Amino acid sequence: MDTSRLFDMASRDVFRFAGLIAAYVALAGMSLSVAFIHSTVSPVWPATGLAIAALTLGGLRLWPAIAVGACAANYFIAGNPLPVAAGIAVGNTLEAIVGAMVLYRLGVKGEVKRVRDAAAILAVAALAPLPAATVGVFSVTLGGYLPWDRYPWVWLVWWLGDFMGALIVLPLLLAWGGERSPVKYPHRPFELAGALVLAVILVNVWNIAAHGLATLNVRALPLTTFLFPPVLWAMLRLPPRQTLLVLAGVSGLAVAYTKGITADEALGSLLWLQMLLLGFGGSWLLLLGALAERDQSQMALRESEAQLRATFEQAAAGIAHFTLPERRFLRVNAAFCRIMGYGCDELLARSSPEITHPDDRLIGNDEFARLASGEISTFSVDKRYVRKDGQIIWARASVSLVQDAEAGPFAISVVEDITEATLVAQAHRDAEHRLELAVDIAKLGFWEWDVANDQVYLSPMWKQQLGYQEDELDNRSDEATSRLFPEDIDRVKDYVARYIGQPGSEFSIDYRLRHRDGHYRWFTARATPVTDDTGQVVKLIGTQLDITHLKEAEQRIREAALHDPLTGLPNRALIFEYGQHLLAAARRSHGRGALLFIDLDRFKQVNDLYGHEVGDRLLQEVAMRLIACTRQEDLVGRLGGDEFVIILPHLDHRTDRATVVAQHVLDSIGQPFRIDALELSVSPSIGITYYPEHGTEIDALIHAADLAMYQAKQFGRANYQLYTSDLCQRAEEARSLEAKLRHALKNQGLALHYQPVIDIKSGRLIGVEALVRMAGDDAEDISPATFIPIAESSGLIVELGEWVAIEACRQHKLWRSQGLPPVKIAINVSPLQLRQRAFAERLGHIIGEAGIDPACFEIEVTESALMESVDEAIEILEDIKCLGVRIALDDFGTGHSSLSNLSTLPLDKLKIDQSFVRRIERDQTSRVITNAIISLARTLHLEVVGEGIESNETLRYLDDQACDQAQGFLFSKPLPADAFAHWYRQHAGQSLH
């Protein structure tokens, strides 16, 4: 137990008890100072009010302090014997307890706020002194201080004194120590003046009427005239607490005024004074309660009016008051002004119809008439209004009738802007209408399935989708399930069961149903689940759409997507898809298979010579011959261009079937093709791979067969080759070489070597051919014959060719600065590089940036580069000629160029292929071909160069045949730039033969 708190509470109670005893003794002493008849009988006893107020505000536990204070006052101040003093104290204590309990029951805890409070205090002030007067007078009389014949008069004076003390002090202490009223009391100057005059008159009239002019106590006139008006003044001018102070002060003066009244006149004057004070005190107290109650009512009214004004002005909804039936605005709030876009004064000068949309002004007129006549008290209407800025808005007006006795009836309209909601609703209606049209146009069927009861609803359109009228099919679940395609039954039932057990975000499934005509049609169903509180699906609501035409289109598209549109053979996608299935089957049966990769030789020449239409028909004929070379179980497909694939899925232990098929293909495709009047010949190059030896996946087998096919082309074409592991090694070497070439291009790993070109007649240098070299890992140069094909296949040839041109121009400029003559430099241009659209423009830019004479620059192109697309080649070469650059046809005699094409090419020089030049001494055919080339060049007015000259006999033969220029090891091998410059200085001015 917290003893410190106990002692603290005890100390506070001690101080409270002591203070209350002291206050009681002090007030009792003041009252006893005006006592007469007996030292204990006083005309007013304010200690009664103190005692009742103390027990009311502090609790009944303070009654011992009242008893001690009363006993002490009567014993020490009044001089009564202790038994008499104790008896009086008992009466005073009972008086305080009774008064406090009655106030508690009546709910009075503070300031007078209403008439009821004043009446309660008046009743307590009258009733509580009864035991005090009875016990006190009895104690005094019993003690021998008062004769029994005067008992009634003294009891009356005693009771009136306590009554008056309670009436004066109790309201004052409750007002200052209890609950307070929040009312602010206004000044009432006009009420005050009239009330003061009326009070003075009434008091004196009552005094005269009570005593008469003859018996009137002249000492009472000043009292009634001058003391009571201040109480009324305070009551009308001051709040209740200050008024009660004035009342207590005036009462004290009145009591003090009785000081010196003789015993003879004591009873009459005292009773008259007490009754006068009680009458006026009670009246003032009741009047004070009435005034407080009125002020509270007025304050509540003002607060209510303020709240109503605030509600009206600050309401989120628009509010307007207007007259009936004219509907002119009386009052409008800010929200109404904001909705309508007008200022307040602008609206007050208008009527409601003036701001209503012209087409909507008649809306609600009947309701307004019924409202004005009293038939209805309220109604609501939606219509359009025109804002000040011309904008049309939708608003909902809720109109009510108000009957005002003073201002007359008027209407209150609460307006809500519903423009957005109206537009949304209109959009929703439009959407519903469009949905209805879409459903009708799309022939969309609806269905609903109650899972628990197995009840089904099928819409009329659902039934029409199957060719039935609405009344020809019942709404039963078996109407759908019985018409399912047999292969779809289990799939559909499993899907529905899984969905009901664990519903997902969307129910979607395709299936086939039997139509009335007996055919099956494809449908797709979409549904939304309806679940109960546990999440269990209780209903499915969905749609059904006939997608037969889509499925048929998908099948056609799939067929088209998986087959070559030209030949009708499976395309690359189907080859891979079906090939994987065949290999999987072979894998399960531990079987073997083979794949043939077929590429047509010389097909591009056919396209270029006779056009793509002839080429396409040739491919179609090839496809039919390939099919004829295979069995039904085999797959023949076209990868693209002139590349075909044959898959042999079932090979027995004999491994020669693949080669047998390959030989059949060679024999069949090798036969001439007759297309219209043309007889065309092509040959196939075939690569063969086996499953599982060379791969277990279709792409790996195709890659391996591709490598074998290129091997067949290298062996002269029109043959087949089996894949071997060294082909893969060669492919790896090619990839490694490509990486080295890329590195060399970025890190200056390339160099140009220059081989002299000699004028045969004079024996002097007239130019050089720039030949690119790349260093290998062992410091040996890698042959261009090795890395140039890699550059072409990897796409690096364009970058490589551009580097050669830039480096040749740079070196030419450097030689000129070193004193060498402006010799012509020739560079080789690959077919891929030549076909670049901006090749001529880029070449001209390189020559221009180097600042050399274009006439000193020459390009060499091969027959194959020109013959692939003659027209395009002519256009490109013409652009190059316009730069001033010379053009030479390299390795002439090994290609397939026709004389007609050759005569149209803008050439400057023909270079006889070194394969003919090197065999001139020992091969009559080479001499004949060489002589023919020289004669052709003379006819076309072209210079002729003999390449690969290694002996003087060959040089003399070419000289005898009037060949213009010579190039070969007889003069010099290709030299680095510095070595060539040294070589030139050694042979400057000399004939080289």
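Residues numbered from 1 in each chain as written. Predicted model: local features only at pLDDT ≥ 70, side-chain atom pairs only at ≥ 80, totals over all residues. Heavy atoms only, no water.

A. Quick look at the overall build of the chain. When helices and strands are tallied, the chain shows 37 helices and 27 strands. In the chain, which comprises 993 residues, the proportion classed as buried is 46%. Nonlocal contacts in the chain, meaning residues at least 24 apart in sequence, comprise 63% of its contacts between residues at least 6 apart. (Helix = DSSP H or I, 4+ residues; strand = E, 2+ residues; numbered from the N terminus. Buried < 20%, exposed > 50% of the residue type's maximum accessible area, 1.4 Å probe, protein only. Contact = heavy atoms within 4.5 Å.)

B. Structural context of the pairing of strand 3 (residues 378-386). Bridge count for strand 3 against strand 4 (residues 392-402) is nine bridges, and the pairing is antiparallel. Bridged to Thr378 within strand 4 is Ser400. What sits between strand 3 and strand 4 in their antiparallel hairpin is a turn of five residues, with Gly390 showing a positive phi close to 90°. (Pairing = 2+ DSSP bridges.)

C. A look at the packing of aromatic side chains. Applying the stated criterion across every chain yields a total of 16 aromatic pairs. When the centroid spacing of 5.1 Å and the interplanar angle of 85° are considered together, the rings of Phe368 and Phe379 count as edge-to-face. One end of the pair, Phe368, is in helix 15 (residues 365-373); the other, Phe379, is in strand 3, and 11 residues separate them in sequence. Comparing Phe368 with Phe379 shows no difference in burial state: the two are buried. Aromatic side chains Phe485 and Tyr520 sit 4.9 Å apart centroid to centroid with 85° between the ring planes, which places their arrangement in the edge-to-face category. With Phe485 in the loop between helix 18 (478-481) and helix 19 (486-501) and Tyr520 in strand 9 (residues 520-531), the pair connects residues that are 35 residues apart, well separated along the chain. An aromatic cluster is built from Phe322, Phe329, Phe336, Phe368 and Phe379, whose rings are joined through pairwise contacts. Here the guanidinium or amino end of Lys551 rests over the ring plane of Trp522, the centre of that ring lying 4.6 Å away. The side chain of Arg625 reaches across the aromatic face of Phe673, ending 3.5 Å from its centre. (Phe/Tyr/Trp six-rings, centres within 6.5 Å; stacked < 30°, edge-to-face > 60°. Lys NZ or Arg CZ within 6 Å of the ring centre and 35° of its normal.)

D. Spotlight on the confidence of the model for the chain. Of all residues in the chain, 83% have pLDDT values of 70 or greater, and the mean over the chain is 81. Low pLDDT (under 50) marks residues 1-9, which in the prediction has one contact with non-local residues, meaning those over four places away or in another chain. Within the model, pLDDT remains below 50 along residues 258-267, and this stretch shows 16 contacts once partners closer than five positions in the same chain are excluded. (pLDDT = per-residue confidence, 0-100.)

E. Examining the side chain of Asp546 more closely. Locating Asp546 in the fold gives a position in strand 10 (residues 537-546). Polar side-chain contacts of Asp546 include one of 2.8 Å to the side chain of Thr548. (Polar contact = N/O pair within 3.5 Å; in protein donor to acceptor, adjacent residues only side chain to side chain.)

F. Structural view of the UniProt feature "transmembrane region" (unreviewed entry) in the chain. Feature annotation in UniProt assigns "transmembrane region" (unreviewed entry) to the following positions: residues 14-37, 49-78, 84-106, 118-141, 153-178, 190-210, 243-260 and 272-292. This span, residues 49-78, is 83% helix and 0% strand, and a straight line between its end C-alpha atoms measures 20 Å. Secondary structure across residues 84-106 divides into 100% helix and 0% strand, with the first and last C-alpha atoms of the span separated by 33 Å. (UniProt positions renumbered as here; feature names shortened; annotations may be inferred.)

G. Representation of the packing of helix 4 (residues 82-106) against helix 5 (residues 115-127) in the model. In contact at an axis separation of 10 Å, helix 4 and helix 5 are set at 160° when each is read in the N-to-C sense. Between helix 4 and helix 5, the angle falls in the class roughly antiparallel. For the element pair helix 4 and helix 5, the recorded crossing hand is right-handed. Touching Gly99, Val102, Leu103 and Leu106 of helix 4 are Arg116, Ala120, Ile121 and Val124, all from helix 5. Partitioned by chemical class, the residues of the contact of helix 4 with helix 5 number six nonpolar, one polar and one charged. (Axes fitted to C-alpha atoms, helices over the stretch in contact; angles between N-to-C directions. Parallel < 35°, antiparallel > 145°, perpendicular 65-115°, else oblique. Left-handed = near helix turned anticlockwise from the far one by under 90°. Nonpolar A, V, L, I, M, F, W, Y, C, P; charged D, E, K, R; others polar.)

H. Representation of a nonpolar patch on the surface. Together, Tyr75, Phe76, Ile77 and Leu82 make up a nonpolar patch on the protein surface, roughly 430 Å² of accessible area in all. Top contributing element to the nonpolar patch by residue count: helix 3 (residues 63-77), with three residues. What makes Ile77 partly exposed here is its relative accessible area of 41%. (Patch = residues over 30% accessible without salt bridge, like charges linked within 9 Å, V, L, I, M, F, W, Y side chains within 5 Å. Areas by Shrake-Rupley, 256 points an atom, 1.4 Å probe, with all protein chains shown as cover. Salt bridge = Lys/Arg side-chain N within 4 Å of Asp/Glu carboxyl O.)

I. Region of the structure containing the packing of helix 22 (residues 603-610) against helix 23 (residues 612-628). Running from amino to carboxyl end, helix 22 crosses helix 23 at an angle of 140°, the nearest separation of the two axes being 7 Å. Taken as axis vectors, helix 22 and helix 23 run oblique relative to one another. Of the residues in helix 23, those in contact with Phe603, Val606, Asn607 and Tyr610 of helix 22 are His612, Val614, Gly615, Leu618 and Leu619. Of the residues assigned to the contact of helix 22 with helix 23, the class counts are six nonpolar, three polar and no charged.

J. Looking closely at helix 5. Here helix 5 contains 13 residues, and its C-alpha end-to-end distance of 18 Å stays within 8% of the 18 Å for a straight helix at 1.5 Å per residue. Of the residues making up helix 5, those classed as buried are Asp117, Ala118, Ala120, Ile121, Val124, Ala125 and Ala126. (Expected span 1.5 Å × (residues − 1).)

K. Region of the structure containing the pattern of salt bridges. On inspection of all chains with the given rule, the structure shows 40 salt bridges. Its salt-bridge partner being Glu448, residue Lys539 comes within 3.2 Å of it at the nearest N-O pair. Of the two residues, Lys539 is situated in strand 10 and Glu448 in strand 6 (residues 445-450); the sequence distance between them amounts to 91 residues. What makes Lys539 partly exposed here is its relative accessible area of 25%. Relative accessible area serves as the criterion here: at 28%, Glu448 is assigned to the partly exposed category. Note that Asp546 is salt-bridged to Arg521, the shortest N-O span being 2.7 Å. Here Asp546, found in strand 10, pairs with Arg521, found in strand 9; they are 25 residues apart in sequence, far enough to count as distant.

L. Expanded view of the nonpolar core. One finds Leu834, Phe857, Ile859 and Ile880 to be the most contacted residues of the largest nonpolar core, which totals 81 residues. Of all the elements, helix 28 (residues 797-817) adds the most residues to this core, at seven residues. In this structure, Ile859 is in contact with Ile827, Val829, Leu843, Ile880, Val885, Arg886, Ile887 and Ala888, ignoring residues within four places of it in sequence. Leu569, Leu619, Ala658 and Val682 belong to the second largest nonpolar core, which has 32 residues in total. (Core = buried A, V, L, I, M, F, W, Y, C linked by side-chain atoms within 4.5 Å.)

M. View of unusual backbone geometry. Along the chain, Leu324 connects to Pro325 via a cis peptide bond; the corresponding omega equals 5°. Here Pro325 is to be found in the loop between strand 1 (318-322) and strand 2 (329-332). In the segment running from Tyr691 into Pro692, the intervening peptide bond is cis, with an omega of 5°. The backbone of Ala718 shows a phi angle near 50°, a positive value even though the residue is not glycine. Along the polypeptide, Ala718 turns up in the loop between helix 25 (698-714) and strand 17 (720-722). Residue classification places Ala718 among the partly exposed residues on the basis of a relative accessible area of 41%. Not every positive phi belongs to a glycine, and Gln748 is a case in point at roughly 55°. Within the secondary structure, Gln748 is located in the loop between helix 26 (725-746) and strand 18 (750-759).

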